[in-house]
Amino acid sequence: MYDIDTVRGDFPILSREVYGRPLVYLDNAATTQKPRPVVEAIEREYYSVNANVHRGVHYLSQQATELHEAARERVRAFIGARSAAEVIFTRGTTESLNLVAASFGEAFLHEGDEIILTVMEHHSDIVPWQLLRERRGVRLRVVPMTDDGTLDLDAYERLFTPRTRLVCCTHVSNVLGTVNPVRRMAGMAHAHGARFLVDAAQSAPHQRVDVERLGCDFLTFSGHKVYGPTGIGVLYGREELLDRMPPYQGGGEMIARVTFEHTTYERLPYKFEAGTPDYVGSHALAVALDYVEALGLDAIAAHEAALTRHALERLRAVPGLRVYGSAPERGPVIAFNVEGIHPLDLGTLLDRLGIAIRTGHHCAQPLMGRCGVEGMARASFALYNTEAEADALAEGIERVRRMF
Ligand code: PLP
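Keep in mind it's a predicted model, so treat the numbers as computed, not measured.

Visitor: An account of the nonpolar core is needed here, citing residue identities and associated values.
Guide: The biggest cluster of nonpolar side chains holds 73 residues, and the ones touching the most others in it are Ile79, Tyr156, Phe196, Leu219 and Phe221. The element contributing the most residues to this core is helix α10 (residues 279-295), with eight residues. Non-local contacts of Phe221, meaning those with residues more than four positions away in its chain, are made with Val75, Phe78, Ile79, Gly92, Thr93, Ala200, Ala201, Ala204, Val226, Gly233 and Val234. Counting 26 residues, the second largest nonpolar core, distinct from the first, contains Val24, Leu321, Val338 and Ile341.

Visitor: Could you give an account of the site of the ligand, naming the residues involved and the relevant values?
Guide: Every residue near the ligand is listed here: Thr93, Thr94, His122, Ser124, Thr170, Asn174, Asp199, Ala201, Gln202, Ser222, His224 and Lys225. A distance of 3.4 Å separates an oxygen atom of the ligand from a polar atom in the side chain of His122. Within the side chain of Ser222, an N or O atom sits 2.7 Å from an oxygen atom of the ligand. Here the ligand has 390 Å² of accessible area as a free molecule, and 85% of this is covered by the chains. Within the shell around the ligand, the residues separate by chemical class into one nonpolar, nine polar and two charged.

Visitor: Which residues make up the pairing of strand β11 (residues 255-258), and what values do they have?
Guide: Bridge analysis of β11 against strand β12 (residues 263-265) gives three bridges, and the strand direction is antiparallel. Note on β12: the bridge partner recorded for Val258 is Thr263. From the end of β11 to the start of β12, which pair antiparallel, there are four residues.

Basis of the calculations
- Residues numbered from 1 in each chain as written.
- Predicted model: local features only at pLDDT ≥ 70, side-chain atom pairs only at ≥ 80, totals over all residues.
- Heavy atoms only, no water.
- Core = buried A, V, L, I, M, F, W, Y, C linked by side-chain atoms within 4.5 Å.
- Buried < 20%, exposed > 50% of the residue type's maximum accessible area, 1.4 Å probe, protein only.
- Helix = DSSP H or I, 4+ residues; strand = E, 2+ residues; numbered from the N terminus.
- Contact = heavy atoms within 4.5 Å.
- Near = heavy atom within 4 Å.
- Polar contact = N/O pair within 3.5 Å; in protein donor to acceptor, adjacent residues only side chain to side chain.
- Areas by Shrake-Rupley, 256 points an atom, 1.4 Å probe, with all protein chains shown as cover.
- Nonpolar A, V, L, I, M, F, W, Y, C, P; charged D, E, K, R; others polar.
- Pairing = 2+ DSSP bridges.

Here it is as structure tokens:
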């Protein structure tokens, strides 16, 4: 049984006030709050285990290394990867995507090769490919969407050419909430001999992401969006691809042997992990994944789906409020605008009522262009949000409307 009061009790920040009002935190797509076990794991590790990993013969180093590698195994199980060698720790989704662009680009892409993106990608899944375009002369092609915020799969099919090498697609849009049919899209990419990358930044916190079931070649997500700490993220890649890709950065940890004439690299996944890793972050991420799995991803998904339905109903009843995106399958993200009110004003005035939402372009300017707006307001829900909070949002918007 999903006991929301017990769940909320695990997140001390949720009981604080802002401007003398109870905090209503609805900016979870940007980052999630941290449950007690995650913060305590960080404190415990710094207070009683801390030592640099992998290179030390001493007790603490070995203990810290064990925690770090156990975290890798935890992530492997979470995403259903075949081997822990396929799990690379990064700083987050953005670094994971830059790694693939640089290293896969170096190994496999040549002038005139094509990469397919979608119109709803986050900037972090656009700009690394543009940088690669400047270096390598690759071409970028973009899957359009229909007015309800669904990717146009017929147009997608038509974008493939014999030069298509890679498709990159967000699993869940951080703006429209659309859940994209990535399994089907990966199948189509493979039929054309292309690789498929899933940006799971907005799906990993809300539903099971199993790399084998999705049939993807790469998958990325960020720890801080899945109730873990900032500064740690994951890149999954198929071993046979990672093996053929060159290192992304050079330094300690990633080498086997260094002379001034020649350097050989460590085996996977260390080849891609130059420098001291965030071993406290990796352990805390594993604790966050334990937390999520103990609640149950299905239970979380059911709670958030009911909450999103309720919020949509309340918001759609607000006069002049327009919700962007109405795809049949959606995550707990609602982007909207209210006629006559700039989203920044709306966000600022809601904030004074204790309600934290996000406003602006949401790092998806091409999508804003497609929707014909400069910016939007966005409420995004997490496993600890309540219907009362969705009601507070709708009532807050009504209140702001009356000021205009
Ligand atoms: N991709 C999507 C879909 C996102 O929503 C985000 C963050 O909002 C990112 C990538 C980038 O994540 P990070 O800033 O943690 O690297």
